[in-house]
Amino acid sequence: AARFNVEHGADIIDINMGCPAKKVCNVMAGSALMQDEKLVAKILESVVRAVDVPVTLKIRSGWDRHNRNAPAIALLAEHCGIQALTVHGRTRACGFKGEAEHDTVRHIKSLLSIPVIANGDIKGPEDALRVLKHTGADAVMIGRAAQGNPWIFREISHFLTYGTLLAPPADEEINRVLTGHLQSLYGFYGEYAGVRIARKHIGWYCRGRNNSKAMLALVNQAQTCRDQLRIVSEYFQADSNLGLAA
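Note that this is a predicted model, so its numbers are computed, not measured.

Participant: Could you give an account of the overall build of the protein chain, with specific residues and numbers?
Facilitator: On a plain count of helices and strands, the protein chain comes out with 10 helices and 5 strands. For the protein chain, the spread of C-alpha atoms along the three principal axes comes to 60 × 40 × 35 Å. Burial analysis of the protein chain (246 residues in total) assigns 43% to the buried set. In the protein chain, the proportion of contacts linking residues at least 24 apart, taken out of those at least 6 apart, comes to 63%. Only carbon and sulfur atoms are counted for the fraction: they give 53% of the accessible area of the protein chain, which is about 13,400 Å². Both charge centroids of the protein chain, one from 29 positive and one from 24 negative side chains, sit 6 Å from each other.

Participant: Describe the packing of aromatic side chains, listing the residues and the values that go with them.
Facilitator: In this structure the tally under the stated criterion is 3 aromatic pairs. Where phenylalanine 188 meets tyrosine 189, the ring centres are 4.9 Å apart and the plane angle is 85 degrees; that geometry is what we call edge-to-face. With relative accessibility at 67%, the residue phenylalanine 188 sits in the exposed group. Judged by its relative accessible area of 41%, tyrosine 189 is partly exposed. Residues tyrosine 235 and phenylalanine 236 carry aromatic rings whose centres are separated by 5.4 Å and whose planes lie at 80 degrees to one another, so their mutual orientation is edge-to-face. The exposure class of tyrosine 235 is buried, given its relative accessible area of 9%. Lying over the aromatic face of phenylalanine 96, arginine 60 brings its terminal NZ or CZ to 5.1 Å of the ring centre. Here the basic side chain of arginine 196 rests over the ring of tyrosine 192, its NZ or CZ set 3.8 Å away from the ring centre.

Participant: For the pattern of salt bridges, give the residues involved together with the corresponding values.
Facilitator: Per the counting criterion, the structure on display carries 10 salt bridges. The partner of glutamate 173 in a salt bridge is arginine 154, and the shortest N-O contact between them spans 2.9 Å. Taken as a pair, glutamate 173 in helix α8 (residues 171–205) and arginine 154 in helix α7 (residues 152–162) lie far apart in primary sequence, 19 residues in all. By relative accessible area, which is 36% here, arginine 154 ends up partly exposed.

Participant: Give me the sheet that holds strand β4 (residues 116–119): which residues, what numbers.
Facilitator: Sheets are built from strands that pair by backbone hydrogen bonding, the pairs being arranged parallel or antiparallel. In space, the 5 strands of this open sheet follow the order β1-β2-β3-β4-β5, with parallel pairing throughout. Pairing within the sheet leaves two strands with one partner each, and these edge strands are β1 (13–17) and β5 (139–141). Looking at each pair of strands side by side, their axes are set apart by 25 degrees on average, direction ignored. Where strand β3 (residues 85–91) and β4 come together, 4 bridges link them in parallel fashion. Bridged to histidine 88 within β4 is asparagine 119. The sheet contacts of helix α3 (residues 37–50) involve β1 and β2 (55–62), and relative to β1 the element is tilted by about 170 degrees. Against the sheet, helix α6 (residues 125–135) contacts β4 and β5, and its axis sits at roughly 130 degrees relative to β5.

What counts and how
Residues numbered from 1 in each chain as written. Predicted model: local features only at pLDDT ≥ 70, side-chain atom pairs only at ≥ 80, totals over all residues. Heavy atoms only, no water. Helix = DSSP H or I, 4+ residues; strand = E, 2+ residues; numbered from the N terminus. Buried < 20%, exposed > 50% of the residue type's maximum accessible area, 1.4 Å probe, protein only. Contact = heavy atoms within 4.5 Å. Areas by Shrake-Rupley, 256 points an atom, 1.4 Å probe, with all protein chains shown as cover. Lys, Arg positive; Asp, Glu negative; His and termini not counted. Charge placed at Lys NZ, Arg CZ, Asp CG, Glu CD. Phe/Tyr/Trp six-rings, centres within 6.5 Å; stacked < 30°, edge-to-face > 60°. Lys NZ or Arg CZ within 6 Å of the ring centre and 35° of its normal. Salt bridge = Lys/Arg side-chain N within 4 Å of Asp/Glu carboxyl O. Pairing = 2+ DSSP bridges. Axes fitted to C-alpha atoms, helices over the stretch in contact; angles between N-to-C directions.

Below, the structure is given as structure tokens:
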């Protein structure tokens, strides 16, 4: 798999041993692999040998609260040639419940010489700064907080550089970026699947906006790309005309 992706242009190979989804863990993939450190070592060594590009790894703090073996796997990963490590501050058993803890990330950072990336509950610029200061990590990784909010990256970068918060994106920019995203979805998945996959993305972009529930009800009924795009366009146009706050 690593060779295939490199042949098709991948700049790095990132091995995901952090996914907590049941359908993934039930086949001993994702974060379930953290239960078998010998198998982890075999996988990492094999992939590192297979390709010339950097190989990175993402893990959780452990399998459950009684088995927080992330530090051991982190050391193993560095020994196997992994060039950067991302750590999500929850165990597999936690899923996405509760709050992420970053003490484990801090401890791992003190053990390794390779870059360590902190992940988990980083929802905005202030969170990013707090986690970086607490852990000493080299970077942060954003997951769920970027759904429908691709501006989070520039906002965090600006805050870390200048110490000030950027204004939120204007409605025109949100509409333009969302429209481009939808067109890419339709182009990649085709109309039938694209229209259905797009529903959750439209919901994320419009989360918390005025009158979004009524608009999303229409979006979920739409069966064509053209209808979805029209509904989204009309929604933002009406929002702009009425001067509604995002």
